[in-house]
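# Structural characterization, general
Letter by letter, the chains look like this.
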Amino acid sequence: MSANITTADNSSPCIYTFPMYKQQGLDLAKALNLPCYDISIHHFPDKESMVTLPKEKSNHIILYLSLDYPNNKLIELLLTSKTLRQQGCKRITLIAPYLGYMRQDMSFHSGEVISQQIIGQWLSELVDDVITVDPHLHRINSLDAVIPNTNNQTVSACPNLGKFVKTLNKKTYLLGPDEESLQWVKQVAEISGASYSVATKQRHSDTLVDIQIPEYDYKNQHIILIDDVISTGHTVAQAAIKLYSAGAKQVDVLVTHALFAKDAMDILLNANIKNVWSSDSISHKTNSISLTNLLADSIKKIT
Ligand code: R5P
């Protein structure tokens, strides 16, 4: 069905935003001076998705859809992309500031499927470009190895996190809660001018982690924990508990992807964490840092 194509030969890109990401899509459209239209989603009682696309068309459509809580969204992306192709859209760019399904990059136990590869391959069949922010890649360094034959762009939120720390105008010490966080905390420290270090972590299960903080005089210090993702909240909560035991005056958290599964916010509050700031890669009440400028630069590179 292509009856509702209104401007199929329009080569100027337009942005389609999914529910939950309307504000971020509008901000990006404003920064790039592009039109922005809403995709609407209806969920039937059994949670099946019905997608309604805007009537305005373009040969290049930029979809703004962060893939947190991804299962429904992936189906909605499938329905959207297939329909756009049927309608003659030549290029589909996916902006997914948070890219779900990146954790399972190998089979840790017999029978476990490698979901990263399967979802990556699937995305490559749906869209032409993928723009994402600090993807959670461990043993595989490049997004190109995960999403083949697609123009992939990885944006780092760290410049904006670093500027945010600078605006606090306070003496702070930055701590990454595990070895993997060194890449983020180092960049944020370089931009903000704060000192930094990283802790070590042993994860025993989804909700059980042990953190060892490095030697430092934490007494009366204001510490900001920096991480890429907060999911259950146990990583930063355990780090905060250790920091307060070592005499810290205040512990805050600055995170890129505010997943906040289940009662994560309560877990942070119970650990006496005072402020939680996040980028708007995932819509959440802690959003304090816009990624619009970084995503706009990335779009400019590919258009
Ligand atoms: C781990 O590799 C990540 O950087 C985060 O530290 C982790 O995903 C946080 O998970 P949670 O909030 O469930 O402890």
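The structure presented is a predicted model; accordingly, all values stated were derived computationally and were not measured. (Residues numbered from 1 in each chain as written. Predicted model: local features only at pLDDT ≥ 70, side-chain atom pairs only at ≥ 80, totals over all residues. Heavy atoms only, no water.)

The next point concerns the overall build of the protein. Regarding its fold elements, the protein presents eight helices and 16 strands. With respect to the three principal axes, the spread of C-alpha positions in the protein is 70 × 50 × 35 Å. For the protein, the residues scored as buried account for 52% of the 303 residues in total. Counting contacts in the protein only where the partners sit at least 6 residues apart, residues at least 24 apart contribute 65% of the total. Only carbon and sulfur atoms are counted for the fraction: they give 52% of the accessible area of the protein, which is about 14100 Å². Between the mean site of the 27 positive side-chain charges and the mean site of the 30 negative ones, the protein shows a separation of 5 Å. (Helix = DSSP H or I, 4+ residues; strand = E, 2+ residues; numbered from the N terminus. Buried < 20%, exposed > 50% of the residue type's maximum accessible area, 1.4 Å probe, protein only. Contact = heavy atoms within 4.5 Å. Areas by Shrake-Rupley, 256 points an atom, 1.4 Å probe, with all protein chains shown as cover. Lys, Arg positive; Asp, Glu negative; His and termini not counted. Charge placed at Lys NZ, Arg CZ, Asp CG, Glu CD.)

Moving on, we get to helix α4 (residues 158–168). Taken as a whole, α4 has its buried residues at C158, N160, L161, G162, F164 and V165. In the stretch just after α4, N169 is the one whose phi turns positive, near 55°.

Around the ligand, 15 residues are found, and the nearest of them are E180, D227, D228, T232 and T235. One nitrogen or oxygen atom from the side chain of E180 is found 2.7 Å from an oxygen atom belonging to the ligand. One of the side-chain nitrogen or oxygen atoms of K201 is found 3.1 Å away from an oxygen atom of the ligand. For the ligand, whose unbound accessible area comes to 380 Å², protein coverage reaches 92%. Secondary-structure elements contributing two or more residues to the shell around the ligand are β11 (200–203), β13 (222–230) and α6 (234–245). Ranked by the residues each element gives to the shell around the ligand, the list is headed by β13, at four residues. Partitioned by chemical class, the residues of the shell around the ligand number two nonpolar, seven polar and six charged. (Near = heavy atom within 4 Å. Polar contact = N/O pair within 3.5 Å; in protein donor to acceptor, adjacent residues only side chain to side chain. Nonpolar A, V, L, I, M, F, W, Y, C, P; charged D, E, K, R; others polar.)

Here we take up the sheet that holds strand β8 (residues 151–155). The parallel open sheet is built from six strands, whose spatial order is β2-β1-β5-β6-β7-β8. Every other strand in the sheet has two partners, leaving β2 (36–38) and β8 as the edge strands with one partner each. The average angle at which neighbouring strand axes cross in this sheet is 20°, direction not considered. Note: strand β7 (residues 129–133) against β8, five bridges, orientation parallel. Along β8, the bridge assignment pairs T132 with T154. (Pairing = 2+ DSSP bridges. Axes fitted to C-alpha atoms, helices over the stretch in contact; angles between N-to-C directions.)

Two side chains carrying opposite charge are able to pair once their charged atoms lie near each other. Overall, the coordinates contain nine salt bridges when judged by the stated rule. R91 is the salt-bridge partner of D129, the closest N and O atoms lying 3.0 Å from each other. You can see D129 sitting in strand β7 and its partner R91 sitting in strand β6 (residues 91–95), a full 38 residues away along the chain. A salt bridge links R139 to D105; its shortest N-O distance comes to 2.8 Å. One end of the pair, R139, is in the loop between β7 and β8; the other, D105, is in the loop between β6 and α3 (115–126), and 34 residues separate them in sequence. Judged by its relative accessible area of 47%, R139 is partly exposed. The class for D105 is buried, based on a relative accessible area of 8%. (Salt bridge = Lys/Arg side-chain N within 4 Å of Asp/Glu carboxyl O.)

So, about the nonpolar core. Of all hydrophobic cores here, the largest spans 39 residues; its most connected members are L28, I95, L174, I226, L254 and L295. When residues of this core are assigned to their parent elements, the largest contribution, five residues, is made by helix α8 (residues 292–302). Residues Y16, I39, L65 and L143 belong to the second largest nonpolar core, which totals 28 residues. (Core = buried A, V, L, I, M, F, W, Y, C linked by side-chain atoms within 4.5 Å.)

On inspection of all chains with the given rule, the structure shows zero disulfides. Left without a disulfide partner, C89 is nearest to the cysteine sulfur of C14, which lies 8.1 Å away. Among the residues examined, C89 registers a relative accessible area of 9% and is labelled buried. (Disulfide = S-S within 2.5 Å.)

Our next topic: the environment of G111. Within the fold, G111 resides in the loop between β6 and α3. Exposure remark for G111: the relative accessible area of 70% places this residue in the exposed category. Each C-alpha atom, one on G111 and one on Y101, is 17 Å from the other, the two residues being ten residues apart in sequence.

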